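Listed below, chain by chain, are the residues.
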Amino acid sequence: VLKQSFVLDPTPFTLLITGVTFALALFRFQLLDVVPAARDAVVEGMSDAVLVLDVENRIVDLNRAAQQVIGHERSEVIGQPADKALAAYEDLVSQYGNLTEGRAEINLGASGIFDMRLSTLYDRHEQHTGRLIVLRSITDHKRAEQTLRRWMQQSRVVSEVAHEIVAEHSLDDLLGRAAELVCDRFGADLVVIYLSANEGREIVLRAASGEGAGVLLSGRRQVTTSRAGIAGDVLRRGVSRIVGGTESSVIYTGDVLSSVRAEAALPLRLGHRTTGVLDVYSTVEDVFDETTLAVLQAVADQLALAVDNARLIEEIAGSGHETERVYRGQDLVAWRAGQVMGYRFRGEHVEPTSVLDPEAERALQDARMVLTEPGEG
């Protein structure tokens, strides 16, 4: 009689335990939600835009930042070819569509400027599975660079105007050169410089540069301050003004400034006095920021000093010519009458004299130069 032995197979029990353990992990501990949770916590929370493309160049994933950049919801582009989903950026797609690795700076218009990084994705078998695109916004950085570059370029105008001031120029030449510098360095469409006249009751156009400058300079150039618009208001109040639109401070008729969209009028201040106005026009709206205005005001202050110096020199020169004319007539009469023996300079003007100093008498007698020490006379 053969005795049949009984052998217990543990496989069903093992499978049962495994199934219970997997069920607990799946439903109690959410095993399969770990990766999605990590993705939501990291990728969705990134400020950088992230797009994932498969080997067929279809979008298989993108985060919230990427949706904002491309202007499409996730449901609208998942599974779509990249060139279709990114049709608004056709030039960029054609330029970087086949690039698997690299880095570039791209401009997405209203969305901003980005530092783009392309990386190749591989599976565990080192097989190419797609590409990763990361876009980091550098818009603020670029704007700061542009502002700094513009400020440095504009700031040079202050030193250039200062250089022109010390050069030997007439007032009109100086103002004309200053208008040219401001127009060129600030990218303005027109720059006009007005000066005060008749104790501030009138305003005179003395220099202009840019489009329409010739029309301005050939037209009416002096009016009462009350009729000079923004420039007249700035001259009266001594405070800068910025306006937009087509409001104008021109003192002539015509359509030279019909396309102007921004104007900055700055006083030429010298202490508590305002001697003129620096008027800058642009066809670009909101072009005058705080940095630009600060530099323009520095230029205006330099011009105020230059105008005051030039006027003082003109007054001195005019006074000297008049004094010379008067004395020349008096000296001729006195010389003919035998009343003049010499001329004396007292630091301000030359005057005739009929009395010689002792030093002059000795110099005449000895035919040599005579010097005196302090205290001798």
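Our structure is the block above this text.
Because the structure is a prediction, the values reported are computed rather than measured. (Residues numbered from 1 in each chain as written. Predicted model: local features only at pLDDT ≥ 70, side-chain atom pairs only at ≥ 80, totals over all residues. Heavy atoms only, no water.)

A closer look at helix H10 (residues 229–237)
Residues separated by three or four positions in an α-helix point in the same direction, a consequence of the helix having 3.6 residues per turn. The cut-off we apply is this: To sort residues, take the accessible area from a 1.4 Å probe on protein chains only and compare it with the maximum for the residue type: under 20% means buried, over 50% means exposed, and anything in between is partly exposed. In this text, helices come from DSSP runs of H or I with a minimum length of four residues, and strands from runs of E with a minimum of two, each type numbered from the N-terminal end. Throughout, a contact is declared for two residues whenever any of their heavy atoms are within 4.5 Å.
Burial in H10 covers these residues: Ile230, Ala231, Gly232, Asp233, Val234 and Leu235. Structurally, H10 contributes buried residues whose contacts are with strand E6 (190–197), strand E7 (202–210), strand E9 (241–244), strand E10 (262–270) and strand E11 (273–282). Note on H10: the residue one or two positions beyond its end, Gly238, has a positive phi of about 70 degrees.

A short note on the environment of Leu99
Topologically, Leu99 is positioned in the loop between helix H6 (90–96) and strand E3 (102–107). When its relative accessible area of 33% is taken as the criterion, Leu99 is described as partly exposed. Residues Leu99 and Leu118, 19 residues apart in the sequence, show an inter-C-alpha distance of 7.5 Å. Apart from the residues lying within four places of it in its own chain, the contact partners of Leu99 are Leu118 and Arg131.

Things to note about the sheet that holds E7
Selection rule: Any two strands with at least two DSSP-identified bridges between them are counted as paired. Only the stretch in contact is used when a helix axis is fitted, and all axes are lines through C-alpha atoms; the angle between N-to-C directions ranges over 0 to 180 degrees.
With respect to topology, six strands assemble into an open sheet ordered E8-E7-E6-E11-E10-E9, the strand pairing being antiparallel. A strand with exactly one partner marks an edge of an open sheet, and here the two such strands are strand E8 (222–224) and E9. The average angle at which neighbouring strand axes cross in this sheet is 25 degrees, direction not considered. Most of the contacts of helix H8 (residues 171–185) go to E7, to which it runs at about 55 degrees, and overall it touches E6, E7 and E11. Against the sheet, H10 engages E6, E7, E9, E10 and E11, with an angle of about 150 degrees to E11.

Describing unusual backbone geometry
Not every positive phi belongs to a glycine, and Glu126 is a case in point at roughly 60 degrees. Within the secondary structure, Glu126 sits in the loop between strand E4 (113–122) and strand E5 (128–137). Given a relative accessible area of 59%, Glu126 falls into the exposed group. If you check the backbone angles, Asp286 has positive phi at about 55 degrees while not being a glycine. Along the chain, the position of Asp286 falls in the loop between E11 and helix H11 (290–336).

Some details on the pattern of salt bridges
In a structure, side chains of opposite charge can pair up when their charged atoms sit close to one another. Put simply, the test is: Salt bridges are counted wherever a side-chain nitrogen of Lys or Arg sits within 4 Å of a carboxyl oxygen of Asp or Glu.
Tallied over the full model, the rule gives 16 salt bridges. Put simply, Glu145 and Lys142 hold a salt bridge, and the shortest N to O gap is 3.6 Å. Here Glu145 pairs with Lys142, and both are found in helix H7 (residues 139–166), just three residues apart, close to one helical turn. A salt bridge links Arg241 to Asp233; the shortest N-O distance between them is 3.3 Å. The partly exposed category is assigned to Arg241, whose relative accessible area is 26%. Its relative accessible area of 12% is what places Asp233 among the buried residues. In the salt-bridge network here, residues are joined through shared partners; they are Asp233, Arg236, Arg237 and Arg241.

What is shown is where atoms sit, not what they do.
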